[in-house]
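# Survey of secondary and tertiary structure
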There are 2 protein chains.
Amino acid sequence: MTSTARTDGAQPTDDRKAPGRPRSARADEAITEAMLDLLAEGSSFEALTIEAVAARAGVGKATIYRRWPNKESMLVDAIARLKGDPPVPPGTSLREDLVTMLRPVGALRSTRAGQIMPCLIPELRRSPELQAVFQRAMEPRREALRKVLRYWIERGELRSDVDIELMQAMLAGPLLAKNVLFWNPDLPREGLPERLVDAVLAGIGVR
Amino acid sequence: MTSTARTDGAQPTDDRKAPGRPRSARADEAITEAMLDLLAEGSSFEALTIEAVAARAGVGKATIYRRWPNKESMLVDAIARLKGDPPVPPGTSLREDLVTMLRPVGALRSTRAGQIMPCLIPELRRSPELQAVFQRAMEPRREALRKVLRYWIERGELRSDVDIELMQAMLAGPLLAKNVLFWNPDLPREGLPERLVDAVLAGIGVR
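Residues numbered from 1 in each chain as written. Chains lettered and ligands numbered in written order. Predicted model: local features only at pLDDT ≥ 70, side-chain atom pairs only at ≥ 80, totals over all residues. Heavy atoms only, no water.

The number of helices and strands found in chain A is ten helices and zero strands. Element order for chain A, N to C, with α for helix and β for strand: α-α-α-α-α-α-α-α-α-α. Relative to its full complement of 207 residues, chain A shows a buried share of 54%. Counting contacts in chain A only where the partners sit at least 6 residues apart, residues at least 24 apart contribute 66% of the total. (Helix = DSSP H or I, 4+ residues; strand = E, 2+ residues; numbered from the N terminus. Buried < 20%, exposed > 50% of the residue type's maximum accessible area, 1.4 Å probe, protein only. Contact = heavy atoms within 4.5 Å.)

Right, let's get into the interface of chain B and chain A. Counting residues at the interface gives 41 residues for chain B and 41 residues for chain A. Around 3,600 Å² of area is buried between chain B and chain A when both sides are counted, 71% of it from carbon and sulfur atoms. The largest contributions to the chain B side of the interface with chain A come from Arg125(B), Phe182(B) and Trp183(B), which together make up 20% of the buried area. Inspection of the chain B/chain A interface yields four salt bridges. (Buried area = accessible area lost by both parts, 1.4 Å probe. Salt bridge = Lys/Arg side-chain N within 4 Å of Asp/Glu carboxyl O.)

Further remarks concern the environment of Arg195(B). Along the chain, Arg195(B) falls in helix H10 (residues 192–203). With relative accessibility at 27%, the residue Arg195(B) sits in the partly exposed group. C-alpha of Arg195(B) to C-alpha of Val99(B): the two residues are 96 residues apart in sequence and 9.3 Å apart in space. Excluding residues that lie within four positions of it along the chain, Arg195(B) makes contacts with Asp163(A), Leu166(A), Leu187(B) and Pro188(B).

Before going further, it helps to examine the relation of the copies chain B and chain A. Overlaying chain B with chain A gives an RMSD of 0.0 Å, the required rotation being 180° about an axis along which the chain moves by 0.0 Å. In symmetry terms, the pair is related by a two-fold rotation axis. Residue Gly203(B), judged by its C-alpha, is the member of chain B lying nearest the rotation axis, at 1.7 Å. An overlap of 100% is found between the interface residues of chain B and their copies at the interface of chain A, pointing to a shared contact surface. (Least-squares fit on C-alpha atoms with pLDDT ≥ 70 in both.)

Those residues of helix H6 (residues 94–102) of chain B that fall on the buried side of the exposure criterion are Leu94(B), Asp97(B), Leu98(B), Val99(B), Met101(B) and Leu102(B). Check the buried side of H6(B) and you find it contacts helix H8 (128–154), helix H9 (164–181) and H10 of chain B.

The next point concerns the packing of helix H9 (residues 164–181) of chain A against helix H10 (residues 192–203) of chain A. All names here are of chain A. Contact pair H9 / H10: the axes reach a minimum separation of 10 Å and the direction vectors enclose 155°. One finds that H9 runs roughly antiparallel with respect to H10. Two packed elements cross with a definite hand, and for H9 against H10 that hand is right-handed. Residues Met-167, Met-170, Leu-171, Pro-174, Leu-175 and Lys-178 of H9 lie in contact with H10, whose contacting residues are Leu-192, Pro-193, Leu-196, Val-197, Val-200 and Leu-201. (Axes fitted to C-alpha atoms, helices over the stretch in contact; angles between N-to-C directions. Parallel < 35°, antiparallel > 145°, perpendicular 65-115°, else oblique. Left-handed = near helix turned anticlockwise from the far one by under 90°.)

See below:
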């Protein structure tokens, strides 16, 4: 746990009211951390209550409701906190940018992230509402990769008719399968982002 | 539940003793079904006991231990039963074979499969032993895809130096990410196997 304000590292969402003073940001952080702790300890999202989060964070329920309308919008911020910001592409070359963007894909940064993220999957299957929340939390990372592809299309390094969503799938999908779903032990995790980028660039889209 | 013998649809494993009479195969089936039912009802694999499976199947513990040495080896057969056999490639063309092999990837065929398979993921993260069991259960499907790639390499339709594991990852990874991990709603599930096969074949490996 860091002592920096929560808003430094997370994607702001429409649902959350803009933080005011630093004290407010600290409360945001404590509440989000409390939610993540409860999930990491094995609570399902379904079973999680605002009461339990408030009790763990040492705040009143009203303090939470002033910030988030419901636990779904809290989860968006909690996932953003867990995942951190998308990487910043160096802009030096298409290859380096893609490798930089792909390195963290599916790599669960902390033990806590490793406990929480896979446990959400069965819940996503049960709840379309939670799926929508999950997509809202994950979308900034996909959009960051799309921006890199568009940047290099504009510079003529990728064909203008490249299928951005499909290319993204061929780059990120294998890493998600490998890192989250334990796919294929015969494919080493080490160096996989580089191998994928090279195979996709040799194949599709490069002028 | 079907009335066919369990051995018709499942991969035999080294741990399981060969079934003798049809009556024995029916007991195998009842036991495996009982295990799948308990998992689908929310039991974690960790919490599952041979006693509970025996009680649900209406057999004695000894009947189970005559067939499987432990619950891990039961799970290999249970997953094989859940997933069904890998598809049989038509052998008409590289493209058709790949599309046929890819259609079921990550597509959880039944509600029960959809309940059980994602719930295993958090347990895999906790247990290297369970990971090994899972790999043993999933490996026949990967091997079936490899065989298709080798078949078309022999016939000169794929370059002999194609990276089989990487190609498999680029084909299967996006489908697993999409179907199991709810990745990217902007990428339609419909037609994805065909689009991936076409993109990969246009890019890597094709003569």
